[in-house]
Amino acid sequence: WSSDLVAENVSIGTVCGGERYVFGLTSNSFNGVRRPHKDLIFFVFDPETQKVVYKETLEDFTTYTALVRIPDTGRIWIGLPDGILRFDPKRMKFVQTVPWPKGISCGGIRVFDAMDERAWFAMNSTVVQFTDGPKPKAASIFRTRSPIAAMAAGYDGKLYYTQGVDLWAAPINGKGAKKR
């Protein structure tokens, strides 16, 4: 499907799947568009009808960000500058924002992963753990000396991440990172 289904002259930056729909965000990073960047567009695509059934421009937000489906809850969340925004596909609207931990600001999220009821977001050198459920919350769990390039949650209880050429591991609760 062409990105023109969402809007002209944009590219699709990230997607995640739900039970019925594919959720996505456009990108200024992949489309070669020259400045000024365009506001990102959040969209909901129905593969069965091959139509975009919902879209909303995220005004004043042009930086690449995380779009994640939490496996255990099935909820769709978007990382934005002030916090994590939840989209309800049944009501087709944004319904809740969970603020980032105090002192954390998000200028764009490129590195994240999700497992069970949690997601982890690397914002340069700070890792934030987001726990979904009846009372979703975000907590800063550790900082690194330099920005994180890639990250994956392991079923062994460790969060693996890269810095430069090295692979590191930290317990998912964030204490005691070790170079591997």
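Just so it is clear, the model here is predicted, and its values are computed rather than measured.

A.B. asks: Provide a residue-level description of the sheet that holds strand 4 (residues 51-58), including the pertinent values.
C.D. replies: The sheet built from four strands is open, its strands ordered 1-2-3-4 with antiparallel pairing. Where the open sheet ends on each side, the last strands, each with one partner, are strand 1 (11-17) and strand 4. When the angles between neighbouring strand axes are averaged without regard to direction, this sheet yields 25 degrees. Where strand 3 (residues 40-46) meets strand 4, seven bridges bridge the pair, whose relative direction is antiparallel. In the sheet register, Phe43 faces strand 4, and the bridge partner there is Lys55.

A.B. asks: Hey, could you go over the confidence of the model for the protein for me, with residue numbers and the actual values?
C.D. replies: When pLDDT is averaged along the protein, the result is 85; 87% of the residues meet or exceed 70. No element of the protein has a lower mean pLDDT than strand 16 (residues 178-179), at 54, and none a higher one than strand 13 (residues 150-153), at 94.

A.B. asks: Quick rundown of the pairing of strand 13? Include the residues and the values.
C.D. replies: The alternating pattern of strand 13 places Met151 and Ala153 on a buried face, while none of Ala150 and Ala152, on the opposite face, is buried. In the sheet, strand 13 pairs with strand 14 (residues 158-163) via four bridges, with the strands oriented antiparallel. If you follow Ala150 over to strand 14, its bridge partner there is Thr162. The turn joining strand 13 and strand 14, which pair antiparallel and follow one another in sequence, is formed by four residues; a positive phi near 85 degrees is taken by Gly157.

A.B. asks: Describe in detail the pattern of salt bridges, supporting the description with residues and values.
C.D. replies: By the definition in use, this model includes four salt bridges. For Arg75, the salt bridge identified is with Asp132, shortest N-O distance 2.8 Å. Of this pair, Arg75 sits in the loop between strand 5 (67-69) and strand 6 (76-80) while Asp132 sits in the loop between strand 11 (126-131) and strand 12 (137-143); the two residues are 57 residues apart in sequence, bridging distant segments of the chain. Classification of Arg75 by relative accessible area gives partly exposed; the value is 23%. Overall, Asp132 belongs to the buried group, its relative accessible area being 6%. With a shortest N-O distance of 3.7 Å, Arg118 and Glu117 are connected by a salt bridge. The class for Arg118 is buried, based on a relative accessible area of 19%. Assessed through its relative accessible area of 29%, Glu117 is described here as partly exposed.

Calculation notes
Residues numbered from 1 in each chain as written. Predicted model: local features only at pLDDT ≥ 70, side-chain atom pairs only at ≥ 80, totals over all residues. Heavy atoms only, no water. Pairing = 2+ DSSP bridges. Helix = DSSP H or I, 4+ residues; strand = E, 2+ residues; numbered from the N terminus. Axes fitted to C-alpha atoms, helices over the stretch in contact; angles between N-to-C directions. pLDDT = per-residue confidence, 0-100. Buried < 20%, exposed > 50% of the residue type's maximum accessible area, 1.4 Å probe, protein only. Salt bridge = Lys/Arg side-chain N within 4 Å of Asp/Glu carboxyl O.

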